[in-house]
Amino acid sequence: MSLENTPAARISALAAAQKAYFRSGATLPEAFRRTMLRRLEAALVNWEKRLCDALWADLRKSPEEAFLTEISIVRSEVRNHLRHLGKWMRPERRPSPLKLLPSKSRILSQPLGQALIVAPWNYPVQLLLNPLVGAVSSGCTALLKPSPYTPHVAETLERMIAEIYDEEYVAVVQGDREVNTQLFDMRWDLIFFTGSPALGRTVMASAAKNVTPVILELGGKSPCIVDRGADIAVAARRIAWGKTLNAGQTCVAPDYLLIHRSLQESFVKKFRDALRELHGDDAQKSPCYVRLVNDRAFERVADYLTQGKILIGGRTDPADRYIEPTLLADADPASPVMQEEIFGPVLPMFPFDTAEEAAAFVNDREKPLALYYFGPEKTGYDILRRTSSGGACLNDVVMHIANDNLPFGGVGNSGMGRYHGRDSFDVFSHRRGVVVAPGRFDLPFRYPPYKGFRWVKKIL
């Protein structure tokens, strides 16, 4: 299945209509925003089967995984915004210094305006609709651009959005990089982009021409450290789950494993056992094991299998775009498997002798989107102090993204800006500082000829 590019003229017309709609003030009232959030919440229920069917068609994602990693996360985000929207919209009081008294100080959260949201293919429902929740709750309009690599999902989302929203408020456009180029060259009040660091640089360069603010949710090589003191069976099971979730096509998946030298042998055994518990003796026959998104992705990930010693897994089926969960040893840190984000079910393993050595290995590379540590909590916090990442888990993987009360976002090469919960509302808003002065009372010291200035200096 392939999708036709939305014509350039239609994209321009949609942008113009959304600009006029936002300027009309229709999106500003709290009641309107709540109504639009409830429409999205209801649509996620009504369209659940159709979205799950589309995810199966594009990625062979099971209905259970589709609900847990895509639909339920968006529904939880909507509920969070409905619960707190009134509080978030209220002016926030701030203290006024002595020199401004008796004036009052407030912060007003106001929508930025027209938002462009561009989503990737790996979680095509969650990563398009979760930012939309923030746009709706903040009072923005939104033009949505799904990935063409998951065409069934993109087409289903377009129909769903058209059913619940007028296009001058929220609309979907389709297309390849030619459409992306047009979109990024246009003037927006915010661009919200999720994708690779390489494409993030392109987005940022285009946005700079119009001084458009950007939120870049990118990726990178997220390390997973297993230290002495870790429960090896638990660590192996959680890492196996996080690495094979969506067949490793997850921006916060463990990308490589650093393991204390004394734990290698026991970890390999427990990791093999965990994979068998999760996906059976043959993961290709499992109804819960996702496929690589296309042939190009398959070929890229399959090539990594040649760049180390295969300890577990390694089987492939090009016709099925299937790659068995694989544990690699003896990979060269300078090889592509350790220079590129893997985005597949291949896990290179490297031994270390001290926690300081593991932290140095992480710090020698770009800042990742996530960092995972298994071992004593005290040592884990020490590792967090020594390193930098967008988010982190101690004695777990991936699960920080499931808490909509925590900010989610990257740092450095893994992105800029954050969202989820209150942060989603804030990222689509301008926090406007306002001083409210009394109508009649006026302090004379700020006016020439500055009488009594030597006393004024003492309080400034």
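What counts and what doesn't
Residues numbered from 1 in each chain as written. Predicted model: local features only at pLDDT ≥ 70, side-chain atom pairs only at ≥ 80, totals over all residues. Heavy atoms only, no water. Salt bridge = Lys/Arg side-chain N within 4 Å of Asp/Glu carboxyl O. Helix = DSSP H or I, 4+ residues; strand = E, 2+ residues; numbered from the N terminus. Buried < 20%, exposed > 50% of the residue type's maximum accessible area, 1.4 Å probe, protein only. Axes fitted to C-alpha atoms, helices over the stretch in contact; angles between N-to-C directions. Parallel < 35°, antiparallel > 145°, perpendicular 65-115°, else oblique. Left-handed = near helix turned anticlockwise from the far one by under 90°. Contact = heavy atoms within 4.5 Å. Core = buried A, V, L, I, M, F, W, Y, C linked by side-chain atoms within 4.5 Å. 1 Å grid on protein atoms, 1.4 Å probe; cavity = no way out; pocket = protein on both sides within 12 Å on 5 of 7 lines; lining within 4 Å. Points joined across faces, edges and corners; volume = space filled by probe spheres on them. Nonpolar A, V, L, I, M, F, W, Y, C, P; charged D, E, K, R; others polar. Pairing = 2+ DSSP bridges.

(A) Seen up close, the pattern of salt bridges. Using the criterion set out here, one finds 22 salt bridges in the structure. The shortest N-O distance in the salt bridge between Lys 269 and Asp 273 comes to 3.4 Å. With a gap of four residues between them, Lys 269 and Asp 273 both fall in helix α10 (residues 264-279), about one helical turn apart. Judged by its relative accessible area of 49%, Lys 269 falls in the partly exposed class. Salt bridges here are not isolated pairs; linked through shared partners, they connect Glu 92, Arg 94, Arg 422, Asp 426 and Arg 431.

(B) Spotlight on the packing of helix α3 (residues 48-59) against helix α6 (residues 151-164). Running from N to C, α3 and α6 point in directions that differ by 160 degrees, and their axes come no closer than 7 Å. As the angle between them shows, α3 and α6 are arranged roughly antiparallel. Crossing hand, α3 versus α6: right-handed. In contact with Arg 50, Leu 51, Ala 54, Leu 55, Ala 57 and Asp 58 of α3, α6 contributes Pro 151, His 152, Val 153, Thr 156, Leu 157 and Met 160.

(C) Focus on the nonpolar core. Core analysis: the largest hydrophobic core is formed by 115 residues, its most contacted members being Leu 40, Leu 129, Leu 132, Ile 161, Tyr 165, Ile 239 and Phe 271. Core analysis: the second largest hydrophobic core is formed by 20 residues, Ala 15, Leu 116, Val 203 and Leu 218 among them.

(D) Spatial organisation of the layout of surface pockets. When its volume is computed, the largest pocket comes out at roughly 1300 Å³. Taken together, 50 residues form the lining of the largest pocket, with Trp 121, Gly 195, Ser 196, Pro 197 and Leu 199 sitting closest to its centre. Of all the secondary structure elements, the ones that give two or more residues to the lining of the largest pocket are α7 (177-185), β6 (190-194), α8 (197-209), α11 (295-304) and α12 (336-339). If you trace the second largest pocket, you find 24 residues lining it, with Glu 65, Leu 68, Thr 69, Trp 241 and Leu 245 closest to the centre. Residue assignment for the lining of the second largest pocket shows that the elements contributing at least two residues are α4 (63-89), α5 (126-138), α9 (232-244) and α10. Grouping the amino acids of the lining of the second largest pocket by side-chain chemistry returns 14 nonpolar, eight polar and two charged.

(E) Main features of the sheet that holds strand β8 (residues 223-226). A sheet is described by the order of its strands in space; here seven strands give the open sequence β10-β13-β14-β9-β8-β15-β16, paired in mixed fashion. The outermost strands of the open sheet, each flanked by one partner alone, are β10 (309-312) and β16 (391-394). Taken pair by pair, the neighbouring strands of this sheet meet at an average axis angle of 25 degrees, ignoring direction. Across three bridges, β10 lies against strand β13 (residues 326-329) in antiparallel orientation. Directly across from Ile 310, in β13, lies its bridge partner Leu 328. The sheet strands contacting α10 are β9 (256-260), β10, β13 and β14 (346-352), and the helix crosses β10 at an angle near 60 degrees.

(F) Structural context of empty space enclosed by the protein. For the structure on display, the rule yields two cavities of 30 Å³ or more. Empty space within the largest cavity amounts to approximately 40 Å³. Around the largest cavity, the lining residues are Ile 73, Ser 76, Glu 77, Asn 130, Ile 401, Ala 402, Asn 403, Asp 404 and His 420. If one sorts the elements of the lining of the largest cavity by residue count, α4 sits on top with three residues. A class-by-class count of the residues in the lining of the largest cavity yields three nonpolar, four polar and two charged.

(G) Spotlight on the sheet that holds strand β20 (residues 429-436). With antiparallel pairing, three strands are arranged side by side in an open sheet as β1-β2-β20. Unpaired on one side and paired on the other, β1 (92-94) and β20 mark the two borders of the sheet. Each strand of the sheet is rotated relative to its neighbour by a mean of 30 degrees, with strand direction disregarded. Sheet topology note: the strand β2 (residues 104-111)/β20 ladder contains eight bridges and is antiparallel. In the strand pairing of β20, Gln 110 is matched with His 430.

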